[in-house]
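# Examining the three-dimensional arrangement
Given next are the chains, with one letter for each unit.
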Amino acid sequence: MPRYLIRRLGQALLVMAGVVALTFVITRMVPGDPAVAYAGPKATPEQLAEVRARFGLDDPLWVQLGNYVRDLVTGDWQTSLHTRRPVLEDLYHAFPASLELVGAGLVIAVVAGIPVGVLAARFRGRFPDFSVRLTSMLAVSLPVFWLALALQTVFASNLGWFPVAGEYDSALDTTSPLTLWTNITVVDALITGNWPILTSTLAHLVLPALVVAAYPAGVIAQMVRATLIEEASQDHARLERALGFRETTILTRFALRPALNPVLSLIALVFAYAIVNGFLVEAVFNWPGLGRYAVNAISSSDTPAVAGVTLLVALMYVLANLVVDLLQGVVDPRARAR
Amino acid sequence: GGQVRGAGGTPQPSTGGTQATQSTENDATFVYAPNLDVVTDWDPATSYSNEIIAMTSIYEGLTRYDAEAKEVRPRLATEWSSADEGKEWTFKLRQGVKFHTGATLDAEAAKKAIERTMKSGGGAAYIWSAVDKIETPDASTLKFTLKYAAPMDLITSSGYAAHIYDAEALEKNEDDVKNGKLDAGTGPYTIDSWQKGQETELTLKAFDDYWGGWRPEQYKKVAFRVTPEITTAWQLLQRGEVNFVQRLNPQLFEQAGMTEGVQAKQTPSFQNLLVLFNTAEGPTKDVRVRQALQHAIDYDGLVAALKGSAQKAGGLVPPGLLGHTTGMEPKQDLAKAQELLQDAGYGPDNAELKLTLTYAQGDEDQKLLVTLLTAALKKVNVTVEARAMAWNAQWDRGKKGDQDIFVMYWFPDYADPYSWFLNVFRSADEVSFNLSYLKDEAIDKAIDGLPQLTATDQLAADQAYADLQKKIIQDEAAVAVPYVQTYQRALTADVLGYVDNPAYPNVVSFYDLKPAS
Amino acid sequence: MSALPEAAPLRRTLPRVTDRFALAGAVLIALIALAALLAPWLAPYPPDEVDPFAALRAPDAAHWFGTDAAGRDVLTRVLYGGRTSLFIAVTVLAVSATTGVLLGVVAGYAGGWVRDVIMRITDVFLAFPALLLSVALAVVLQPSVTTVIVAIAVTWWPWYARLSASMAASIATRPYVDAARCLGVPAPMIILRHVLPNSLTPVLVQVSLDGGGVILTAAALSYLGLGAQEPTAEWGLMVEQGQSLFTTNWWVVTFPGLAILLTAFAFNVLGEGLRNALDPRRIVK
Amino acid sequence: MTSSGSLLRAERVTLGYGRTPVVHDVTLDITGGGVGLIGESGSGKSTLARAFLGLLTPMSGNILYGDQNLKKVDMRRFRGDVQPVFQAEALDPRMRVGNSIAEALPRDARHRVPELLEQVGLDPALASRRPHQLSGGQRQRVVIARALAVNPKLLILDEPTSALDVTVQARILDLIAGLAAERLLITHNLAVVGKLCRTSHVLFAGRVVESGPTADLLARPAHPYTLALRDAVPKLGGEPPVARGRAEVRPAETGCPFRPRCPMAVTECDRAPALRDLGGHQEGQDGRRVACHRAEDVLREPSARR
Amino acid sequence: MIEVRDLRVSYGGRVVARVPELDVAPGECVAIVGESGSGKSTTLLALLGLTEGAEVGGRIRVAGVDVTSASPAELRAIRGARVALVMQSPQAALSPTLRLGTLMRRALRLHGVGDAERVMAEAVEAVLLDPAILRRYPHEVSGGQAQRFAIALAIALGAEAILADEPTSALDVTVQAEVVAVLRTLCAERGLALLLVSHDLALVSTIAHRVLVMRAGEVVESGPAARVLAEPAHPYTRELLEALP
Ligand SMILES: Nc1ncnc2c1ncn2[C@@H]1O[C@H](COP(=O)(O)OP(=O)(O)OP(=O)(O)O)[C@@H](O)[C@H]1O
Ligand SMILES: Nc1ncnc2c1ncn2[C@@H]1O[C@H](COP(=O)(O)OP(=O)(O)OP(=O)(O)O)[C@@H](O)[C@H]1O
Ligand SMILES: [Mg+2]
Ligand SMILES: [Mg+2]
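The text that follows walks through the structure, step by step, so that each part is easy to find. Note that the structure is a prediction, hence the values are computed from the model and not measured. (Residues numbered from 1 in each chain as written. Chains lettered and ligands numbered in written order. Predicted model: local features only at pLDDT ≥ 70, side-chain atom pairs only at ≥ 80, totals over all residues. Heavy atoms only, no water.)

### Topic: the overall build of chain C
- Scanning chain C from N- to C-terminus turns up 11 helices and 0 strands.
- Secondary structure elements in chain C, listed N-terminal to C-terminal, are α-α-α-α-α-α-α-α-α-α-α.
- Taking the principal axes of its C-alpha atoms as reference, chain C extends roughly 75 × 45 × 30 Å.
- Of all 285 residues assigned to chain C, the portion counted as buried reaches 67%.
- Long-range contacts, defined here as pairs at least 24 residues apart, represent 74% of the contacts in chain C between residues at least 6 apart.
- Of the accessible surface of chain C, which amounts to about 9,600 Å², a share of 71% is contributed by carbon and sulfur atoms.
- Placing the 18 positive and 17 negative side-chain charges of chain C at their respective mean positions leaves the two points 15 Å apart. (Helix = DSSP H or I, 4+ residues; strand = E, 2+ residues; numbered from the N terminus. Buried < 20%, exposed > 50% of the residue type's maximum accessible area, 1.4 Å probe, protein only. Contact = heavy atoms within 4.5 Å. Areas by Shrake-Rupley, 256 points an atom, 1.4 Å probe, with all protein chains shown as cover. Lys, Arg positive; Asp, Glu negative; His and termini not counted. Charge placed at Lys NZ, Arg CZ, Asp CG, Glu CD.)

### Overview of the interface of chain C and chain A
- Residue-level contacts link 50 residues of chain C with 54 residues of chain A.
- Between chain C and chain A lies a buried interface of about 4,900 Å² when both sides are counted; carbon and sulfur atoms form 76% of it.
- Applying the counting rule to chain C against chain A returns 1 salt bridge.
- Between Glu-272 of chain C and Arg-133 of chain A there is a salt bridge, with its nearest N and O atoms 3.1 Å apart.
- The dominant element in the side of chain C that touches chain A, judged by the number of residues it contributes, is helix 11 (residues 250–278) of chain C, at 14 residues.
- Considered class by class, the residues forming the side of chain C that touches chain A number 33 nonpolar, 8 polar and 9 charged. (Buried area = accessible area lost by both parts, 1.4 Å probe. Salt bridge = Lys/Arg side-chain N within 4 Å of Asp/Glu carboxyl O. Nonpolar A, V, L, I, M, F, W, Y, C, P; charged D, E, K, R; others polar.)

### Structural notes on the site of ligand 2
All names here are of chain E.
- Surveying the vicinity of ligand 2 reveals the residues Tyr-11, Arg-14, Val-16, Glu-35, Ser-36, Gly-37, Ser-38, Gly-39, Lys-40, Ser-41, Thr-42 and Glu-166.
- In this structure, an oxygen atom belonging to ligand 2 sits 3.0 Å away from a main-chain N or O atom of Gly-39.
- One nitrogen or oxygen atom from the side chain of Ser-41 is found 2.5 Å from an oxygen atom belonging to ligand 2.
- In the complex, 61% of the free accessible area of ligand 2, which totals 630 Å², lies under the protein chains.
- Per-element accounting of the shell around ligand 2 gives the leading share, 3 residues, to helix 1 (residues 40–47).
- Taken together, the residues of the shell around ligand 2 sort by class into 2 nonpolar, 6 polar and 4 charged. (Near = heavy atom within 4 Å. Polar contact = N/O pair within 3.5 Å; in protein donor to acceptor, adjacent residues only side chain to side chain.)

### Topic: unusual backbone geometry
- Unlike most non-glycine residues, Gln-78 of chain A shows phi in positive territory, near 65°.
- Here Gln-78 of chain A is to be found in the loop between helix 4 (61–73) and helix 5 (87–122).
- Overall, Gln-78 of chain A belongs to the partly exposed group, its relative accessible area being 26%.
- The phi torsion at Ala-205 of chain D lies on the positive side, around 50°, for a residue other than glycine.

### Structural notes on the packing of helix 5 of chain A against helix 13 (residues 290–299) of chain A
Residues and elements named next belong to chain A.
- For the pair helix 5 and helix 13, the least separation of the axes is 7 Å and the interaxial angle reads 135°. The angle between the axes of helix 5 and helix 13 places the two elements in the oblique class. Contact residues: helix 5 offers Val-87, Asp-90, Leu-91, Ala-94, Phe-95 and Ser-98, while helix 13 offers Leu-290, Gly-291 and Tyr-293. (Axes fitted to C-alpha atoms, helices over the stretch in contact; angles between N-to-C directions. Parallel < 35°, antiparallel > 145°, perpendicular 65-115°, else oblique.)

### Quick notes on the pattern of salt bridges
- What the rule picks out here adds up to 67 salt bridges over all chains.
- For Asp-286 of chain B, the salt bridge goes to Arg-288 of chain B, with nearest N and O atoms at 3.0 Å.
- One salt bridge connects Asp-297 of chain D with Arg-300 of chain D, and the closest N-O pair in it is separated by 2.7 Å. Of this pair, Asp-297 of chain D and Arg-300 of chain D are both found in helix 10 (residues 295–300), 3 residues apart, which corresponds to roughly one turn of the helix.
- For Asp-297 of chain D, a relative accessible area of 25% corresponds to the partly exposed category.
- Take Arg-300 of chain D: its relative accessible area is 54%, and that puts it in the exposed class.

### Details of helix 10 (residues 195–232) of chain A
All names here are of chain A.
- For helix 10, built from 38 residues, the straight-helix expectation of 56 Å at 1.5 Å per residue is missed by more than 12%, its first-to-last C-alpha distance being only 45 Å.
- Taken as a whole, helix 10 carries its principal kink of about 40° at Val-206; the proline Pro-208 stands between one and four residues after it.
- Across the 38 residues that make up helix 10, a large majority, 31, are buried. (Expected span 1.5 Å × (residues − 1). Bend = angle between axes of the 7 residues up to and from the residue.)

### Notes on the site of ligand 1
Residue and element names in this part refer to chain D.
- If you check the shell around ligand 1, you find 12 residues, and the closest are Ser-41, Gly-42, Lys-45, Ser-46 and Thr-47.
- Residue Lys-45 places a main-chain N or O atom 2.9 Å away from an oxygen atom belonging to ligand 1.
- Between ligand 1 and Ser-46, the relevant distance is 2.5 Å, taken from an oxygen atom to a side-chain nitrogen or oxygen of the residue.
- With the chains in place, 60% of the 630 Å² that ligand 1 exposes on its own is no longer accessible.
- The dominant element in the shell around ligand 1, judged by the number of residues it contributes, is helix 1 (residues 45–52), at 3 residues.
- Classifying every residue of the shell around ligand 1 gives 2 nonpolar, 7 polar and 3 charged.

Written out as structure tokens, the structure is:
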């Protein structure tokens, strides 16, 4: 196990190194002079030269890559051209909000996807199965940005059931200011017992989280269904039937656990996807997360910021995969033996 | 962890119907919904971006332009005069003005501020380029000596780079200023909190010692809630969560006009769209091609499709400014365009003409122009390869002269047409905004004479502007001006006193507002 | 030693594809493709015909889907948009599946350091969610349909590489591969003749599932302004253009949105159906 | 034992997948008259076969072909001499069986396909079928036909019949017995080795635990595992098979690997026994070798004699 | 214990097993032999109503219940508790994520067997296993152990009959011998009825009292083991016997 762990960690590091190199290459390919972008339209040639020197834009490429890696490791993720603040600091503020949104979305997806998948497997080939498959396929086919717009228009604007946009009612900042610990509003509100902000955030969270949840819920339902059907056709399910267990019991108490393993990998996979999907959702719901930051960065050609977001999301992906790989052992004893 | 977010920050917007009595203290917050991040640069010297919507409430200039009356009004200066054919200007400063830093405004302080701005060379600092020296004969008098005649009263009314601030305090607390913790203005409002990237990015609070004083019904708090999506902003406005939406599309604007609890305001702006043709290189070097392109634009269709958010332009200078001409309204004429192309060796019977065009990414109105132009030109065998680009990239490419058609907006930094000519059409060694690459000595010379005329003889100036426009648009065909934008704003109905001043684009003068009772 | 389900030869499994979903998906895709191909004949107007004075007309007899901000017929553009979307999807899938499968099969068959090198590179690309890398690339390259294709293909091939590498690795240990090696068949021949054809079934399933993903990603890129450009008819671009009109002129957004949904749905139905019939356990992306 | 007359020889080979060895330090000769390889599932029989076929490079030790190290042998010649017949799935499921056989032939000899099919007792018309359209027995004949296509000197047969029904099994074994080529036969069926192989080797947990003339080995097992193996085979109408020892999960890592299951294990067995010659050669046959400290006791065990 | 008359099992109209008569009494061991696909497993599963998607005709009485007409609940009541199934591949037949003890405990609770811990320990010991095995996962036990555990399940639940579908074909001969030994003991000492499916005629001949020979879904010969093996009446049976090495 420790050896496996070390190997796995080494692999993850290697991948991260590749990610950094690739990101570097991409940032160097961006058209437009980064010095001009930083110094502003009316900068003098001297100012430009100064900016170039400051950011080492005149060095040979491999020196720049070396510097880039060194800077990243020492926590200097460059300065955003747009906000003019360290990218890492910006990310530190934006990421928790994204995490909150994506986390909520994934929770909804898991809570909805698993039982629905079980239901479909239980009634394989019959009407509930048919409708679950149909719905889940619809869910994975929805263009998020379009769904977000539609839900916002119908449920927030026309029906007025939910807030239109934002993370929470900003008036609450005066009446019950939030003490920050994790930067994740829901969590902070919960641990400091700030109910007004908690309820407001939850209300604001519903629609965007539902949109984020649509895709993962669909794939999770499909995956649970497929795996359960597979598990239920295994020899052990036949033995369980022969022992007199009910079909539902077999699915939920015997088959579900081994089925959770692929679902777990799936969640790791979907996690990064959901963050990026969240970008579009955040833009529509004006959620103060990475997505808004990224969209701003894209529209202002803010290369350091785009690179920062890219790196962060890739890092999250690698991490999520690592965690899942380690978690598999908990879910499936066979994996532990590996 | 453990710090507090937004304590004392943004508060409930005014949802109308406070108390009936006039003198009730107004403790509501006025919430402004901009579509972009508010602040990129807190330095009043170099600030040259969207933060104008907040800066003009924090900082003040010597004068202020009243677009309705087309007159310059006193602000920190109470009166002024010019001499020596507009090459010497004297401003009398208002008494008893305090900076937010606690210092008192005097001539020396004003001088320092302007000199610091000039020295910075950033942002719109160029507006001071006529200034040769500044003197302070006494504590309340500021005397400018100019290198050439220029309308200093207009220049000092600029929304950018004309702010008077406590330069000493600013320099001492550079970091705090940069981080929006401190400002050094004299305006009615001062920074309350600033959190870049947050939805409610900025809140302002009343400056108690403001020279204008405070009445109970005025808004003491202002918040900026960044809302990029027009639709979202509109929904927030309908629900009363914001008070002012900077920009709606024509359809929503029309709806706003019919929605209870919302007031819709429409004002012509000083911002127009320029379609610049490459006069230096490529097929558009041929003036006939440029003229054909001018004729291919469906001006009336464009304005119709923009449904009130634009009005047809007549020349380079928008109405309301010196030098605006009438009788130069362009019209689409495809037959003429085809004829001109034919002469130039293109058109339906000849080889296909391929042109490249760049325009601003994400701008619906420019996209509409591109759509219509592309469709029209297709009929005369001209293919337009249009690229939407982020401004930096578009501009970078433009500076290299790497396109045939460059589309951009232009608006003046102060209420004067000069910048359309100086910045856009005067030749320069290194291209900045002269993206038609016009290089004509006669035109350059005429442009150089404009400030003097403006400062001394407005009638002559008017004529000079008219002549120049004819030359540039009709003779040189360096540019087409499809329309002047019309601002379409929406406010909650409970706000009284809103006036849109196109000289200060998107700025709301919060100090002048009060809730309806 | 029973064969893994994915090793079942396609010929043998195709008759088993009685999954109604697979059939429905195939029919749906055929219809969509037909509509796109026949757009010049089906569409009531030329695709770029503008009429600014008839902008934003609600659906009526003349314009079944209404008109957009430039007065173009939305139905026409939805039909032409299908050509763009399907062209993108087909090209991306062809390019990325070919690249990915070739690399993956070599990696899986060769094993050892070859596999390690290829798979680590694959992992690096996998770490970028498709949309994100596409965004970064689209910022770098000029936004256009070609950019979209390149950007998505760059992020898509690793999935096929990974899939076919694991397939090929398992095929490579099959006795018939050993047998071929013992007969002295050269490695490239073994890969082409035995490993590749036998690894293809799950790739095919994945390809049909991915059709939807590619269309959604392409639409999202265009929606962000990083993809197709005016005046190209593209669904994502149409949604983006109509976005601020959703509350006032619903048809501008709704029809292209439905077109994306329907096409992605058709691909998913086909893919899910195939997967259900062939291999119920493969992970979707 | 002499190395002369040995077609292929494994010399102290250790084999494994990745870094895990599964066959440990095995020395083994393939001599004429048929060689059997017996052992329980997972004991490394197929692994050893793959090494003999040059499909798996030893982690240590050498495979010798004639007198030459396999690494240095001209593979083209070797492939013509040594051919496998695998346990299952040895035909590409997508290929027509005719093409599968043709793959083994030079381009100008493709016409030999029908002839080869006839040689293994199949209708040449079957050439156009795919494997799944054939019965298990027919499939196995095709595999043999393909192996014969190159006229090999040695066939390496890895459980060629274990997936088949008994009746079919018998016919295939007859076919194999009639072939001219020498053979290494891997099976868990003792009766089969008894018929087809002059010498046999018993593998346990990747080690040769006993080897010698097949008849002698089965008549008087000297290793407790061989004994258990022999006695566990049910005989038609006979007594129920005898279960000797305890079923344990894994062979021991150190010492005698069979120790955890061995009913005769003593403390001495903590030391790994070496493969040693067993005295008492019988009637001019090759010698018996065994890796057990208590081989003599096993031979004396009354129940061991049948 | 088991009483079958005119059993017909068909999938989609194709008859895959037809058994005119099959009886197993307590303490008796009956074996079904035949080639692959001859319908042996199908017959066995039909006895517990586990042939999904098949049409089953004829009369099947198992432990006093008429299987063809019984309700699902009635069927579940006899499954495991009165008639147990032992399958071919031992590990695959155990849920991989459950400890053996957990599975047994759940089954005992399902059938309302009290004093589970003691019953479990006794059952495991009855098949010569160490009770510590209950704490292991399926992949941690050997095939023989897993197979004996499956038998222990039957004992713990108090089953009166065991249906064994090729219970040893995945095992090595040495391990097979252990399992066969246990099965024999149960039959002889506890009076369990044993129905054994196998393709190994030799193995069957050593433990079965009676034998049914099946081919292509039909029973071609049946009778006392000794008689069938000594003087086979059907050519197929003869062929089977001759094929034995
Ligand atoms: N490709 C492989 N990768 C890793 N381990 C393997 C591989 N093939 C076999 N093994 C392991 O090597 C050991 C020996 O396997 P091998 O196939 O040689 O056994 P065997 O004696 O042929 O068994 P069987 O009778 O089941 O065919 C086993 O523990 C097996 O799990
Ligand atoms: N679920 C099913 N659907 C359709 N046909 C089936 C099904 N299960 C079994 N069969 C068919 O029924 C016949 C008998 O199968 P069965 O499994 O009973 O044979 P068997 O004698 O147990 O063979 P083996 O020795 O291979 O286990 C076979 O032809 C098989 O294809
Ligand atoms: Mg083997
Ligand atoms: Mg069976």
